[in-house]
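Listed below, chain by chain, are the residues.
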There are 4 protein chains.
Amino acid sequence: MLRTAIVGASGYSGAELVRLLSGHPGASLEAVCAASSAGDRWEQLYPGREHLFRGEIRPFEPAALAGLDAVFLALPHGASASAARDLRGRVGCVLDLSGDLRLPDAATYRRWYGREHPAPELLGEAIYGLPELFGESLPGAELISCAGCYATVTQLAAAPALAMQGSTTVDVVVTAISGTSGAGRKADLALSFSEVFGDLRAYRVGHHQHAPEIAQGLSRYAGRELRVTFVPHLAPTERGIAATVVLGGQELPAAEDLLGAYRRVYDGAPFVRLRDPAESLPAVRHVAGTNFCDLAPVVDEAGRSVVVIGVIDNLLKGAAGQAVQLFNLAFGLPEIRGLLPDAVEGTA
Amino acid sequence: MLRTAIVGASGYSGAELVRLLSGHPGASLEAVCAASSAGDRWEQLYPGREHLFRGEIRPFEPAALAGLDAVFLALPHGASASAARDLRGRVGCVLDLSGDLRLPDAATYRRWYGREHPAPELLGEAIYGLPELFGESLPGAELISCAGCYATVTQLAAAPALAMQGSTTVDVVVTAISGTSGAGRKADLALSFSEVFGDLRAYRVGHHQHAPEIAQGLSRYAGRELRVTFVPHLAPTERGIAATVVLGGQELPAAEDLLGAYRRVYDGAPFVRLRDPAESLPAVRHVAGTNFCDLAPVVDEAGRSVVVIGVIDNLLKGAAGQAVQLFNLAFGLPEIRGLLPDAVEGTA
Amino acid sequence: MLRTAIVGASGYSGAELVRLLSGHPGASLEAVCAASSAGDRWEQLYPGREHLFRGEIRPFEPAALAGLDAVFLALPHGASASAARDLRGRVGCVLDLSGDLRLPDAATYRRWYGREHPAPELLGEAIYGLPELFGESLPGAELISCAGCYATVTQLAAAPALAMQGSTTVDVVVTAISGTSGAGRKADLALSFSEVFGDLRAYRVGHHQHAPEIAQGLSRYAGRELRVTFVPHLAPTERGIAATVVLGGQELPAAEDLLGAYRRVYDGAPFVRLRDPAESLPAVRHVAGTNFCDLAPVVDEAGRSVVVIGVIDNLLKGAAGQAVQLFNLAFGLPEIRGLLPDAVEGTA
Amino acid sequence: MLRTAIVGASGYSGAELVRLLSGHPGASLEAVCAASSAGDRWEQLYPGREHLFRGEIRPFEPAALAGLDAVFLALPHGASASAARDLRGRVGCVLDLSGDLRLPDAATYRRWYGREHPAPELLGEAIYGLPELFGESLPGAELISCAGCYATVTQLAAAPALAMQGSTTVDVVVTAISGTSGAGRKADLALSFSEVFGDLRAYRVGHHQHAPEIAQGLSRYAGRELRVTFVPHLAPTERGIAATVVLGGQELPAAEDLLGAYRRVYDGAPFVRLRDPAESLPAVRHVAGTNFCDLAPVVDEAGRSVVVIGVIDNLLKGAAGQAVQLFNLAFGLPEIRGLLPDAVEGTA
């Protein structure tokens, strides 16, 4: 039984971690920490989940967590890196769900996050956590920077087509639509029900901090420098991201070759489900509440482009679920442990 | 007082036409027709609007409408072209809100609409109705094919940037998010509340019938052949479209030059509002219930692209409102008549 | 042209007042005031309405408004009464949309609002503004306390049946469902989209400040002391209230007699629409965006009760619309001026 | 391992049964049947759940199910009773989720369901399935009529207070708000997203078929004849019911005595959670996705009434979850099996 704790357990990703780890057959949840609500009972914040977990929320004190096998940081960016620094060496593995450790250097962080990096000495130290594309270094990892929500679904959607197209494509266009939970649990007029209801809008166009993360990851995967235009949108729903990736290029693949390329890359990946667009397309409803990423690659004849549709639950495959998947891989557990039944039942 | 009628008055666009024409200072609404609900009272279908209009829904009989100044067709595609044919010559002007008369020839129609064109002799006869970009032939027009909802916002968003970029761009990427009212008023499991709530999804990827309309219009405006990738999405809201247009290109304009180009094209256009993206971005909430199209052109440095955000109310600027705007222009009325107060009041 | 101003113009009710008064044929809007956003431009808070009104938001200074014909106070309770006190005598009429002046004495106010009354000398001075039931004192009124949103729809729904039943009923049960805009424009975790989406809940059970207002108004109308159980609920929508009033009693009326009683009471009331429940029932969609209150009285044979269903738009008939209706009546204008077209057009 | 099947597996309650039974440690799911989609693959209807169950949907043939331990009928009323008749004697236990077997006689059924009963010989044969209040006859039951969704939450909310009040109360007022999934999976204009979004409305006032079920159950529990006024409402959400029960009466209990009565009745009931209204109130968000019913009894001093707030997930505690709970009790399994983890983990 691996002993774990969660820092930032009062937020939405943190609460999903509580749910997943409290039911994980190979893990025990030893402590839940959060600065703002320290002293409260966790089940009073999440009364619907009191049957899953009850416990007092503690302030974050690194020494009190010393000796644990794994600590999950579900903190806002800016606060997370220093917590990671304080825990390193004291616990077996730190899994950071924030964006603090995803970019390569302090200057890039400053440009996109608009602040000085709180622990620049950690940059370059963390394993980037997107297991289907970059899984090789995970076993035994001591510091993992979990991929961002938009970055996860975008990279999973784009990577096989980029690899297939060789060097012809350099421009990647990504638009994505998210529900409100991605913005976190907070009082904010712009996120109030009366403001979001009935609205659809793009936000942070040209300035979203996942843009460089996506460009960096896809360039690494494809082995060439890519330019990424990333436009996030907010829609009036709570959970999920629908991402649409468009790749131009000189030669269009045949639809079956394209789908075949995806099948090869994700062969054996338990959380990627491929849809043949001739039959159906992914939808957020199909992945909400799960760790799945559903993908469908489409050949758009009229546009002379490849369009890939991807959907995830931003709090699970985009945050807490992926963190548990990474935890499983780091500690040599089956990848699906605590995230799926170990076997699927079915009749003829 | 111009005498008008609406065919297809039981649907959502038709009901918006009833609202607009019943309050239009220069028009009288002489008849409301609809096949499926003929014999019913219109105000029983729309009890919230009984203070605006009361009347019996009649079956569509072309002869009964003879002599009217204008007839608006808010019918499904496939049913609209034959109604237009039957009315031509009998009434002053036919305004067709369907897609039946937007494409250039029967083969293109067959490919994208999946059926034989019901009145191919009309193809090429109708004036395409998107007044901000193609307004010159509207005065005196006898047959107007109103631009589609996605096609309206996309062309308004893309045209100035395409014209500015000269011949460098040939690939246009458009993604758009729509509420459910665009699919019309009908019983359909896929559009039921229980299925749409909480969902986000792309649909008809590579197959939507507005793709060739957009490509045709933008190519005409820009004066060169463009390729358009168009990906529509459905979001859990009732009204509005948020469209995002991405244009690659060798040289990026300066932000102020880009915004200046938009200001020049839409100078004097009462229903286009430009937003400086350094200050704010368009949102569906700002245009819902109005005939406005709000636009913001953004220079995306990281992606080396121009991104233009556009929003409309799909039932107004994307359908009924634009039809009334076209009606005004065809008959020489002020463009805003019946759509906006004639003057805007304000204090210091 | 009556000269008016709005204090609290940055909130949702205030913004509806701006919309209504800027288009009112008999009023000019001379100033918009708000403490929190003084110095901002109003149209930057409400960019979708910049075609209706543009102007700088000023701090509230009573002297600067001296001499105006009417001032509308759309302030939170607690802040409104002192503003009313400072304006009295300086302007022709003060219309207070808050709850500060609705209850009879400071002790009752303290019990239900949980604070000391800020201007107890005004209690008993204001005319209670619910024109369909208590309209006689409105012409020439100098201080009007507009009825609350829940209190408006509940009293309109209950009054005729209570009057009809003579002295047999003393217990009134009211449950009501509201959208989120009733809580005002503010940053509040409990009202954030992620918390409200998918939720349904009762709140302030036994403690809502509209309970005594309803009991007081209905007792006054019915001429006997009534006990009211009032249970408000929050639902995931922005606008509107659906209220359900249940009255027990020894003898059930016939359905046609019940409906007849409602027709008599609301004969000539332009904003009350009666629905025969044998044909249709009220729905928030039918009144959203309007000043109407739709009502349907039902005889429930199995429950031996009278059930009355009522719906309003909480920001209009429940706030800004009713305030303009009261303004019209206070100044001798037609009741519907600025709220409805002066005449309704229709064909046979 | 108990062998089970589901008839009506394509609807929302049926799909929840598939989810629950496919993961139930003591049950195997041998067949899924549905008339309308026979021949299709179940996982194509519910692609988001293909990791839980895959199988072909078969037509319902009673002989093919002979010998199974339990068959769940998730059929529309009118179709369910004849299926129950055809299965009786052939399988160990039939659990009917429809309303067909809940009322006492054919005349009552005709009055409220508006049709002749399809198998009147079964009336009075079925055990009524609401285990917290009527659990004594469940072990070994061969035909169970699961309580309706509104009826479940209402009876759980009202019963302890009614029992406590002795013979003083005869009038029970119930209003309830439901999401759309209660109406089932179907194409219906009135349930389309565009019609439900932004709406709130009461429906079937005085005519809902759960009214007599509630009156019958509460009268049986309280031991005296009660009159129930029941008013259901539809709100724009997918899942859940919030019910509000108001009981008048000569003497009001103290708040702690009232809560104490609820604690006694539900002591040991694993799916009823009591909330002290001085601390918090139930909310649909807290029970969505679970088999819990959360309750809070409130003493309303001003109204001289007891108000009880109750919430459930209509597809779980109101349908599929309760059916599995009843299945567990009928076969002597732990009540929570397949519905909750067998133990709850927590730290200090």
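Just so it is clear, the model here is predicted, and its values are computed rather than measured. (Residues numbered from 1 in each chain as written. Chains lettered and ligands numbered in written order. Predicted model: local features only at pLDDT ≥ 70, side-chain atom pairs only at ≥ 80, totals over all residues.)

**Focus: the overall build of chain A**
Which entries qualify depends on this criterion: The numbering of helices and of strands both runs from the N terminus, where a helix is a DSSP run of H or I of at least 4 residues and a strand a run of E of at least 2. As defined in this context, the radius of gyration uses C-alpha atoms, and a globule is described by 2.2 Å times the residue total to the power 0.38. Exposed residues have 12 or fewer other C-beta atoms within 10 Å of their own C-beta, buried residues have 20 or more, and partly exposed residues fall in between, where C-beta atoms are placed from the backbone. Residues are treated as contacting if the C-beta atoms built from their backbones sit within 7 Å of each other.
Broken down by element type, chain A carries ten helices and 14 strands. Scaling as 2.2 N^0.38, a compact globule of 348 residues should have a C-alpha radius of gyration of about 20 Å, and chain A matches this with 20 Å. Counting only C-alpha atoms and orienting by the principal axes, one finds that chain A spans roughly 60 × 55 × 45 Å. For chain A, with 348 residues in total, the buried portion stands at 61%. Partitioning the contacts of chain A with sequence separation of at least 6, the portion at a separation of at least 24 is 69%.

**Quick look at the sheet that holds strand 14 (residues 305–312) of chain C**
Residues and elements named next belong to chain C. Here is the rule we go by: Strands qualify as paired when DSSP identifies two bridges or more between them. Orientation is described by lines fitted to C-alpha atoms, with helices fitted over the stretch in contact, and by angles between N-to-C directions that extend from 0 to 180 degrees.
The seven strands lie next to each other as 9-10-8-11-14-13-12, forming an open sheet whose pairing is mixed. Edge positions in the sheet fall to strand 9 (201–202) and strand 12 (272–274), since each of these pairs with one other strand and no more. On the sheet, helix 5 (residues 149–164) packs against strand 8 (171–178), strand 10 (227–234), strand 11 (241–247), strand 12, strand 13 (293–300) and strand 14 and is oriented at approximately 35° with respect to strand 11. Set on the sheet, helix 7 (residues 210–222) makes contact with strand 8 and strand 10; between it and strand 10 the angle comes to about 140°.

**Remarks on the relation of the copies chain D and chain C**
Stated precisely, the cut-off is as follows: Copy-to-copy superposition: least squares on the C-alpha atoms, limited to residues that have pLDDT of at least 70 in both copies.
Once chain D has been moved 0.0 Å along the axis and rotated by 180°, it coincides with chain C to within an RMSD of 0.0 Å. Look at the turn and shift together and you get a two-fold axis relating the two.

**Things to note about the interface of chain D and chain C**
Basically, it comes down to this: Each residue is assigned to one of three groups, with Ala, Val, Leu, Ile, Met, Phe, Trp, Tyr, Cys and Pro labelled nonpolar, Asp, Glu, Lys and Arg labelled charged, and all others, Gly among them, labelled polar.
Taken together, the contact between chain D and chain C spans 45 residues of the former and 46 residues of the latter. Residue assignment for the side of chain D that touches chain C shows that the elements contributing at least two residues are strand 8 (171–178), strand 9 (201–202), helix 7 (210–222), strand 10 (227–234), strand 11 (241–247), helix 9 (284–287), strand 13 (293–300) and strand 14 (305–312) of chain D. Across the side of chain D that touches chain C, the residue classes break down as 25 nonpolar, eleven polar and nine charged.

**Things to note about the packing of helix 5 of chain C against helix 8 (residues 255–265) of chain C**
All names here are of chain C. Our working rule: Should an angle fall under 35 degrees it is taken as roughly parallel, and over 145 as roughly antiparallel, whereas 65 to 115 is taken as roughly perpendicular and any remaining angle as oblique. Each helix crossing is assigned a hand: it is left-handed if the near helix lies turned anticlockwise from the far helix by less than a right angle, otherwise right-handed if that turn is clockwise.
Close contact between helix 5 and helix 8 brings their axes to 9 Å; oriented N to C, the two are set at 115°. Viewed along their axes, helix 5 and helix 8 adopt a mutual orientation that is roughly perpendicular. Considering how the two elements wind past one another, helix 5 and helix 8 form a crossing that is right-handed. Residue-level inspection shows Ala159, Pro160, Ala161 and Met164 of helix 5 in contact with helix 8, the latter providing Leu258, Ala261, Tyr262 and Val265. Tallied by class, residues from the contact of helix 5 with helix 8 come to eight nonpolar, no polar and no charged.

**As for the relation of the copies chain D and chain B**
With an RMSD of 0.0 Å, chain D superimposes on chain B once it is rotated by 180° and translated 0.0 Å along the axis. Of the interface residues in chain D, 100% have counterparts in chain B that sit at the interface too, so the contact is made through matching surfaces.

**Quick look at the nonpolar core**
For the record, the criterion: To count as a nonpolar core, a set of buried Ala, Val, Leu, Ile, Met, Phe, Trp, Tyr and Cys residues must be joined through C-beta atoms within 7 Å.
In this structure, Leu95 of chain A, Ile6 and Leu95 of chain B, Leu95 of chain C together with Ile6 and Leu95 of chain D are the most contacted members of the largest nonpolar core, which totals 502 residues. In contact with leucine 95 of chain B, other than residues within four places in its own chain, are Ala70, Phe72, Leu73, Ile144, Cys146, Ala323, Leu326 and Phe327 of chain B.

**A look at the confidence of the model for chain A**
All names here are of chain A. Selection criterion: Confidence scores here are pLDDT values: one per residue, from the predictor, ranging 0 to 100.
With 98% of its residues at a pLDDT of 70 or more, chain A shows a mean pLDDT of 95. Long-range and interchain partners of residues 344–348, a stretch whose pLDDT sits below 50, account for 13 contacts in this model, where long-range means more than four residues apart. Under the prediction, the complex receives an ipTM of 0.96, its pTM being 0.97.

**Details of the environment of leucine 191 of chain B**
Position of leucine 191 of chain B among the secondary structure elements: in the loop between strand 8 (171–178) and helix 6 (193–196). Leucine 191 of chain B sits 87 residues away from proline 104 of chain B along the chain, and the two C-alpha atoms are 31 Å apart. Setting aside residues no more than four positions away along its own chain, leucine 191 of chain B makes contact with Thr180, Ala183 and Val196 of chain B together with Ser192 and Phe193 of chain D.

**As for the packing of helix 5 (residues 149–164) of chain A against helix 7 (residues 210–222) of chain A**
Residues and elements named next belong to chain A. Two elements in contact, helix 5 and helix 7, have axes separated by 9 Å at closest approach and are oriented at 30°. Regarding the angle of helix 5 to helix 7, the classification is roughly parallel. Note that helix 5 runs across helix 7; the crossing there is right-handed. For the pair helix 5 and helix 7, the contacting residues are Tyr150, Ala151, Thr154, Gln155, Ala158, Ala159, Leu162 and Ala163 in the first and His210, Glu213, Ile214, Gly217, Leu218, Tyr221 and Ala222 in the second. Grouping the amino acids of the contact of helix 5 with helix 7 by side-chain chemistry returns ten nonpolar, four polar and one charged.

**Structural notes on helix 1 (residues 12–22) of chain A**
Across the eleven residues that make up helix 1 of chain A, a large majority, ten, are buried. The complete set of buried residues in helix 1 of chain A reads Tyr12, Ser13, Gly14, Ala15, Glu16, Leu17, Val18, Leu20, Leu21 and Ser22 of chain A. The elements touched by buried residues of helix 1 of chain A are strand 1 (2–7), strand 2 (27–33), helix 2 (42–45), strand 4 (70–73) and helix 10 (320–330) of chain A together with helix 6 (193–196) of chain C.

**What about the environment of tryptophan 42 of chain D?**
All names here are of chain D. Its place among the elements puts tryptophan 42 in helix 2 (residues 42–45). Tryptophan 42 sits ten residues away from leucine 52 along the chain, and the two C-alpha atoms are 11 Å apart. Those residues within four positions of tryptophan 42 in sequence are excluded, and the remaining contacts are Ala9, Val18, Val32, Phe53, Arg54, Gly55 and Ile57.

**A look at the domain arrangement of chain A**
All names here are of chain A. Quick reminder of the rule: Residue ranges for the domains originate in an automatic or database domain assignment.
Looking at chain A, the domain boundaries give domain 1 (2–147 + 319–330) and domain 2 (150–312). For domain 1 versus domain 2, the separation of C-alpha centres amounts to 25 Å. Listed per partner, the contact involves 16 residues of domain 1 and 19 residues of domain 2. Elements with a minimum of two residues in the side of domain 1 that touches domain 2: helix 4 (106–113) and helix 10.

**A short note on the pairing of strand 14 (residues 305–312) of chain A**
Residues and elements named next belong to chain A. Counted residue by residue, strand 14 has eight buried out of eight residues, so it is predominantly covered. Covered by surrounding structure in strand 14 are Ser305, Val307, Ile309 and Val311 together with Val306, Val308, Gly310 and Ile312, the residues of both alternating faces. Sheet analysis places strand 11 (residues 241–247) next to strand 14, joined by seven bridges and oriented antiparallel. Note on strand 14: the bridge partner recorded for alanine 242 is valine 311. One ladder, built from eight bridges, connects strand 13 (residues 293–300) with strand 14; its direction is antiparallel.

**What to know about the sheet that holds strand 14 of chain D**
Residues and elements named next belong to chain D. Spatially, the seven strands line up as an open sheet ordered 9-10-8-11-14-13-12, and their pairing is mixed. The open sheet has two edge strands with one neighbour each: strand 9 and strand 12 (272–274). Strand contacts of helix 8 (residues 255–265): strand 12, strand 13 and strand 14, with the helix running at about 155° to strand 13, the strand carrying the most contacts.

**Comments concerning the environment of glycine 140 of chain A**
Structurally, glycine 140 of chain A can be placed in the loop between strand 6 (127–129) and strand 7 (143–146). In sequence terms glycine 140 of chain A and proline 62 of chain A are 78 residues apart; their C-alpha atoms lie 21 Å from each other.

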